[in-house]
Structure formats: C-alpha cells, structure tokens
Amino acid sequence: TTPTLLCRYVKLRAGEQVRTSFVASGEIYYAMSGSGQSRNGNDAIDWSAGDVFCFPGGGESTHRAGSANSVLFSVTNEPLLAFERLRAPLPGQAVVETTYWPAAEIERQFQEVWRRPVTANTTGNSVQFSTTALAPSSNTIPTINTAINTLEPGCDQRPHRHNGAAVTLAIQGEGIHSMIDGKRVNWSTGAAQITPATLMHSHHSTGT
C-alpha cells in the first residue's frame, strides 16, 4: 500500500467466486493467470491472462475463475478516500465507466510503440490505459495512472522520478533489476515493488 493506493492479489481456485466492495473511485485489474468472469452492476467482463480492465467504484464486484486456478492483481485508491474521509461514488455516479483492454489489443498497441524513434528523453516503451471519461489525461481512474512497460534484452531505462509513489508488478522478471535511490532491487516474476515518490530510479534488462 501507499498513501494513495492499495494493491491486492486476488487468488481464485477453479470455479471459485469472490465478492468485493471497495470504498474507492474505481477498481483496476490485471489478469496474471487463468481466466474467468468479473461482474460489476450490469457489466460483465470475460477475461484471460494478460487482459486489463477497470470497474467504477462504489459497487459490488464479483470475480469467478474458469476451469483453472486464476490470479488477478487488483489496484484501488481506497487509502486516499479513507484519509480524506470521502465516500465512494453512488451507483451510476462514478466518473469512471467499465473499460476492458484485451491482451491482443495491448500487444497490437505495443507494435506501434516499438516503431517510435528512441530519443535521449525516452524512458522506456509503454502502453497506458486511459478511460474515455478522463481524456485527454492518461489516467485510468482520477488518481491512478496504469501502464505496461517493457525493455528489450540488454536495454537500460533512463533514470527518472515520479511525483507520486509507483507500484511495479513484475510480469516477466527473469534477468531484470531496478536501481532505486542507488540500491539494486532484483525482480521476481509475480512480485510487486514500491518506489517512493520523487526517488530516482531506473529498470535494467540483462536477461533474454
């Protein structure tokens, strides 16, 4: 957790269902493994590994795994609302609408990203997940920016910093490490790491 966001691993056994009700502006999910269906209000999303989706906050969500065990990585801004003593939006009044980004479309977007020229100011290659209601900003929900980043083998990301804390989920962590405020942090596939706000950091790919 950070002062503005909270992350969870939602592990679902085959055929199992879990219900959640978060006091948040919205809910963001990355399907780490398996497949299943998630519902929020009248909206239903059939997801599989590599998909990204979000739901509006303030309602109940249900997640059911398919024929295999599944894992979702879930992110909300619950701590921010708790600190400000704010309530989640009422049903139908959330700024964010249900949005689904399938893995195949994410991969197609990455093909476009790879064609862009690399300059001295490039900090990596990423696909960002913005929702229509928040355009032209790149935020997924009002206080959270979500992206999938990648580095080619042997590449080093230019050191940079963020105004807010960053949570990094290692989708493929073999041979990858970060330098955070001068300290080396080795990646592990499936693990999440927190980079505090304003700390200089970079990511490095020495694997295959």
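Scoring rules and cut-offs
Residues numbered from 1 in each chain as written. Predicted model: local features only at pLDDT ≥ 70, side-chain atom pairs only at ≥ 80, totals over all residues. Heavy atoms only, no water. Salt bridge = Lys/Arg side-chain N within 4 Å of Asp/Glu carboxyl O. Helix = DSSP H or I, 4+ residues; strand = E, 2+ residues; numbered from the N terminus. Buried < 20%, exposed > 50% of the residue type's maximum accessible area, 1.4 Å probe, protein only. Pairing = 2+ DSSP bridges. Axes fitted to C-alpha atoms, helices over the stretch in contact; angles between N-to-C directions.

Talk me through the pattern of salt bridges; I want residue IDs and the actual numbers.
Applying the stated criterion across every chain yields a total of five salt bridges. Residues R8 and E78 are paired through a salt bridge, measuring 2.7 Å at the closest nitrogen-oxygen approach. Remark: E78 occurs in helix α1 (residues 78–84) and R8 occurs in strand β1 (residues 6–12); sequence separation between them is 70 residues. In this structure, E112 and R115 form a salt bridge, with 2.8 Å as the shortest nitrogen-oxygen distance. Given a relative accessible area of 60%, R115 falls into the exposed group.

If you had to explain the sheet that holds strand β13 (residues 176–180) to someone new, which residues and values would you point to?
Spatial strand order, β14-β13-β16: three strands in an open sheet with antiparallel pairing. Each edge of the sheet is formed by a strand with only one pairing partner; in this case those strands are β14 (183–186) and β16 (201–205). Neighbouring strand axes in the sheet, compared pairwise and without regard to direction, differ in orientation by 25° on average. Across five bridges, the pairing between β13 and β16 is antiparallel. Paired with I176 across the two strands is S205, which belongs to β16.

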